[in-house]
Amino acid sequence: MTPGTPATAGTPDGAADGPSRNGSAGASGARASTGGAQAGDAQAGGAKVGGAPAGGAQAWKRPAPSLTTDTARPEGGGRAAPGDAPAPARQWPLLTVLGLAGIGLLVVGTDAFAQSFRIGTMLVGAALLVGAVLRRALPSVGMLAVRSRFTDMITYGVMGGLIVLLALMVQPKPWLKIPFLEDVLHLTVT
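In this text the structure is predicted, and so the values were computed from the model without any measurement.

1. What about the pattern of salt bridges?
- Scanning the model with the defined rule gives two salt bridges in all.
- Close ionic contact of Asp152 with Arg135 constitutes a salt bridge, the shortest N to O distance being 2.8 Å. Residue Asp152 is located in helix α4 (residues 149–169), and its partner Arg135 is located in helix α3 (residues 116–137); the two are separated by 17 residues in the primary sequence. Neither Asp152 nor Arg135 differs from the other in exposure class; each is buried.
- One salt bridge in this structure joins Arg147 and Asp152, with 3.1 Å as the shortest N-O distance.
- A residue is classified by how much of its surface remains accessible, and Arg147, at 33% relative accessible area, is partly exposed.
- Among the ionic contacts, a cluster of salt bridges with common partners joins Arg135, Arg147 and Asp152.

Right, dumping it as C-alpha cells:
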C-alpha cells in the first residue's frame, strides 16, 4: 500500500487486502485509524518517521499464521558432533542403531548357524534398546530423536524389550518359558 491511498473497506482495522511487504497475506504494514485517516497520515496522534510510528506508538506486528507450515525440531534433535564434522560423525547414534539392526537382519537372512533366527532377532531388539539408552544418556542424538525424549525412550525401550522377549520365547525349544503364557495359549486355542 502506498502512502496517500485509502485503506480497503471491509477488512479488519482497515488493513489492505493482499500480501504485504513482510509476506503475510491479508494485511499490510500500515493501518488506517478508525476515523478514516489514510495510511500515510498521522496515526494515533504521532507522525510516521521512516516508516515507523513516532512518539512511542506500538509498531504493527505480523499476525500468527492460520496454517502451520513447519514443525519444531524434537528435544535433543541437534547434531551429535560439531557442524564441521562429516555427516556420518554427526549422526553416529542413528548409525549405531541402524548398524546393529542391520547385523541382526543379516544374521537372520543368511541362516549361517543353528538358532540364527533367535540371535538375529535379539540383535534387532538390542538395537532398539541401545537407541533408548542413547536417547536417555546423550543431550543431542541427531536424527535418532523423533519425538520428545520421554516418548522416544519409552517407544524404543518397549519395542526393543518385546522383540528380545519374543526372540527368547520363539518355538521350537524356547530359551525362556513363562508358564502363565502357556496356560493362556491353551485357553485360547481349545
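Structure's up, so let's keep going.
2. Details of α3
- With 22 residues, α3 should cover 32 Å at 1.5 Å per step; its first-to-last C-alpha distance of 31 Å lies within 8% of that length.
- Among the residues of α3, Ser116, Arg118, Gly120, Thr121, Gly125, Ala127, Gly131, Ala132, Leu134 and Arg135 are the ones counted as buried.
- Elements in contact with the buried residues of α3: α2 (92–110) and α4.

Reading the values: the criteria
- For every chain, the first residue of the written sequence is number 1, and numbering continues from 1 onward in sequence order.
- Residue-level local features of this predicted model are given only where pLDDT is at least 70; pairs of side-chain atoms are given and counted only at 80 or more, and the full residue set underlies all totals for whole chains, interfaces and linings.
- Hydrogen atoms and water are omitted, and side-chain values are computed over all heavy atoms in the structure.
- Counted as salt bridges are all cases of a side-chain nitrogen of Lys or Arg within 4 Å of a carboxyl oxygen of Asp or Glu.
- Put simply, DSSP H or I for four residues or longer makes a helix, DSSP E for two residues or longer makes a strand, and each gets a number counted from the N terminus.
- Under the scheme applied here, a residue whose accessible area is under 20% of the maximum for its type counts as buried, over 50% as exposed, and between as partly exposed, the area being computed with a 1.4 Å probe on protein chains only.
- The length a helix should cover is 1.5 Å for every residue beyond the first.
- Note on definitions: a residue-residue contact is assigned when non-hydrogen atoms from the two residues lie within 4.5 Å.

Just distances and angles here, no functional claims.
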